[in-house]
Amino acid sequence: MHRMSRRSMLASSVGLAAAGALSRPYIANAAATTATVWQVQGFFPEEDEAFRKVVADYEKLSGNKIDYSIMPFMALNQKAVSALTSGDVPDLVFHDAPDTILPQFAWNDTLMDVTDVVETQKSKLSQTALDASNYYNGAKKARGFYLCPVKQACVPFHIWGDLVEKAGFKLSDAPKTWDAYWDFFKQLQKPLRDKGMRKVYSLGLQVTTVGPNDGNNLFVGFMLANGFSNIVSSDGKLHTDDPAMREAAIKSITWMAAAYNGGYVPQEALSWNDADDNNGFHEKLFVMDFDGTLSTELAMFKDKKVYMEDMVTMGLPAGNDGKPIPAQVGAGGGFIPKGAKNFEVAKDYMKYFMQPEVMNANLKQGLGRWVPSIPQLMKDDAFWLDPSDPHRPVYVREMLGPTIPIYNAYNPAYGQVQAEQLWMQSVADIIKNGMTAQAAVDKAFRRAEAIFTKFTFG
Amino acid sequence: MSTTTQESLAVGRPFVPSLPRTHRAWHGGLLGSEFAWAIAFAVPYALLFCAFVIYPVAYGLWLGSSPALYTELFSDPRFLTAVVNTCLYVGIGVNLKMVLAFLLSGFFMRKRWWVKSLLVIYILPWAVPALPAFMSIHWMLNGQWGFLNSALWMLFGIDGPTWLNSHWLGMGANIASYIWKNMPFWTVIFIAGRMAIPQELYEAADMDGATGLRRFRHVTFPLMAQLYLVSTLLSTIWSLGDFNAVFFVSGGGPAMSTEVLATLGIRYAFTIGDPRLGVACVMCALPLLIPIVVLLMHKMRKQEVQL
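Since the model is a prediction, treat every value here as computed from it, not as a measurement.

1. Here we look at unusual backbone geometry
A cis amide bond links B:Gly253 to the next residue, B:Pro254, at an omega of 0 degrees. Of note, A:Thr293 is a non-glycine position whose phi angle comes to about 60 degrees, a positive value. Here A:Thr293 lies in the loop between strand 9 (286-290) and helix 13 (295-298). The exposure class assigned to A:Thr293 is buried, which follows from its relative accessible area of 7%. With phi around 70 degrees, A:Leu367 is a residue other than glycine that occupies positive phi space.

As structure tokens, this is what we get:
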């Protein structure tokens, strides 16, 4: 047997290292038609399966390869931020709700303009999908499309219909204007507790400052119901100087704080994280809440009695002035970091994904938790308005009604306002710190204004 | 023939001519192929150290180097709250944990079989993964359907408080969770330290009539003091950057009143999408961290103990 000497071992090691270095060009060439994709994990396995099918079909059709990683929402946020900071980026990030980080990326000129991809379906996309994909680039001093929108979602009401009946009421009796609608559910609490549901509450009001989005969505819902929709206008300006905004904000947080202090909201709601309100709903901790997408219902999809009979989804009531409230809608889809090596494949993949038939099939397979960014699909495909499903048609009708885009699209500063949970912080200031609503709103406005001064448009 | 040469030949070792002292110092006393082998084995470690320690630290320092970041930090009221919370979390958490660990280490030195069995159970919190453990605590503390309040109601008919709805209860929950998770580790360290104390010292103390508290004061404590101090300093360094307990137990709530520097830094970096601000937030712990590290290095030097 050959006896290995130290000299021969050193020589072998050096040889191996040299072989690895010399062989690298072959490996690099083999990756020329492979795109690295980071995909957000769905709430249900069906969503991930739907994504894998799109990838498999694309690979078969194009001959390109998609090297994907599926990861949870927060992990994807962290990875995306880290990647764009370090410059070691994937070719595509596919995100359900990128509005918390996308505006800043676009502002800092760290994303690739994808106007050419969006143009392929632009005439079919909803205006809110277009608005929610169009961001201001602080370096170029111009707007552009930085997101390839595939999916959208709105915020409906989720209600335990069986608890409403148990309390001796009918949902059909619920008033049709915002504050009165919420007040209707307050009267359910006492009869339910008298019937042994010791810890049930009427309202799952997400007055949380832990985040990420529920409290922000709630605040906007109340503002729209109180007649103010112009928190941030399309030119990126914050309108805290508008007396109407101040008045609407005071009304909104006063109502929320009063509901909490009145004992209609679980005390824990101040500290809810993203899953706590969903868990609370499934535990029948409260009768109703106002929460994005149909994930609340779809989590109980396999329990047919609960899904088909006990749970109810309702759309938006009218505002306090009796006028219809628009639904605030973001968009989910793919964005391409600057410096992506295989951006051509990434763009080609997104062009494929945005095709109506592919988009529609993908979202249908994902149980319809998200709706297509192309409104006509929801009208043409019977799946979306199928009356045999008690939840999806309500949700889709809200999407097909009046909508406004998220304010983050207008100015990335609003993303930071949301990240700092300023609005629910103002509710907490009333509840925990004894502030008046006026003082709490003024404090939130001052902080928002300070954040907005960091982003000046050219 | 020189004495050195004669000695080398006498023991059958090859003669190596004497080298200058500086050369010997740089080569660690190694010569020829032995030095080459030493370098060959050290280089991979050095490269990994540079790649995974030096580079990330330097990059982090560069990311957080702009003075404008600190201006922005100090203008955020949550930052000052986080600083105070961090001081409380570390000050109370570390000291309480170490005192309890030290006392329990004495208990677990007993030779009874049930004490040994209890030690196995006691170590479990440290052994289980942190995230599911802290998330379970978060759910246990839920005011409505959590285990703790449900048990209080079932056993005593008491409606427990909303544990995570109060700044002080939230801080208390975070600190208690932190202590629960980490105390077993330090208890084991102190047990090992106690086991290293020669039994003869205790026997001599017994002969002198020193028992109980006097034995602890005159034998155990002086011999354990160095270990206790070094462990406390090390635990302080680790705890300054602790994230898991606060993030998963209270979530920084209510109303961000229990945020610490680590959780606030993560919020800046990944929720707001400003990693430079996040790094700057965490780097604000450096003025406290560096003196502790220096003190720790000083204390790590071997010292004699005078009983």
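2. So, the sheet that holds strand 8 (residues 201-203) of chain A
Residue and element names in this part refer to chain A. A sheet is described by the order of its strands in space; here four strands give the open sequence 8-9-7-10, paired in mixed fashion. Each edge of the open sheet is held by one strand with a lone partner, namely strand 8 and strand 10 (311-314). The average angle at which neighbouring strand axes cross in this sheet is 20 degrees, direction not considered. Across four bridges, strand 7 (residues 157-160) lies against strand 10 in antiparallel orientation. Bridging across to strand 10, His158 finds its partner in Thr313.

3. Details of the interface of chain B and chain A
Accessible area lost during the coming together of the parts is what is often quoted as the interface size. The partner chain A presents 38 residues to the 36 residues of chain B that form the contact. For the chain B and chain A pair, buried surface summed over both sides reaches about 3200 Å², with 53% attributable to carbon and sulfur atoms. At the surface where chain B touches chain A, the tally comes to five salt bridges. The closest approach of N and O atoms between B:Asp76 and A:Arg447, which form a salt bridge, is 3.9 Å. At the boundary of chain B and chain A, one finds twelve residue pairs in polar contact (both at pLDDT 80 or more). Listed by contribution, the elements that provide at least two residues to the side of chain B that touches chain A are helix 3 (32-63), helix 4 (67-75), helix 7 (130-140) and helix 13 (261-271) of chain B.

4. Let's talk about helix 14 (residues 275-283) of chain B
Listed as buried for helix 14 of chain B are B:Pro275, B:Leu277, B:Gly278, B:Ala280, B:Cys281 and B:Met283. Here the buried face of helix 14 of chain B lies against helix 3 (73-86) of chain A together with helix 3, helix 4, helix 5 (77-107), helix 13 and helix 15 (286-299) of chain B.

5. Here's the deal with the domain arrangement of chain A
By the assigned domains, chain A splits into domain 1 (6-154 + 329-402) and domain 2 (157-291 + 420-452). Between the C-alpha centres of domain 1 of chain A and domain 2 of chain A the distance comes to 32 Å.

Parameters and conventions
- Residues numbered from 1 in each chain as written.
- Chains lettered and ligands numbered in written order.
- Predicted model: local features only at pLDDT ≥ 70, side-chain atom pairs only at ≥ 80, totals over all residues.
- Heavy atoms only, no water.
- Helix = DSSP H or I, 4+ residues; strand = E, 2+ residues; numbered from the N terminus.
- Buried < 20%, exposed > 50% of the residue type's maximum accessible area, 1.4 Å probe, protein only.
- Pairing = 2+ DSSP bridges.
- Axes fitted to C-alpha atoms, helices over the stretch in contact; angles between N-to-C directions.
- Contact = heavy atoms within 4.5 Å.
- Buried area = accessible area lost by both parts, 1.4 Å probe.
- Salt bridge = Lys/Arg side-chain N within 4 Å of Asp/Glu carboxyl O.
- Polar contact = N/O pair within 3.5 Å; in protein donor to acceptor, adjacent residues only side chain to side chain.
- Domains from an automatic or database assignment.

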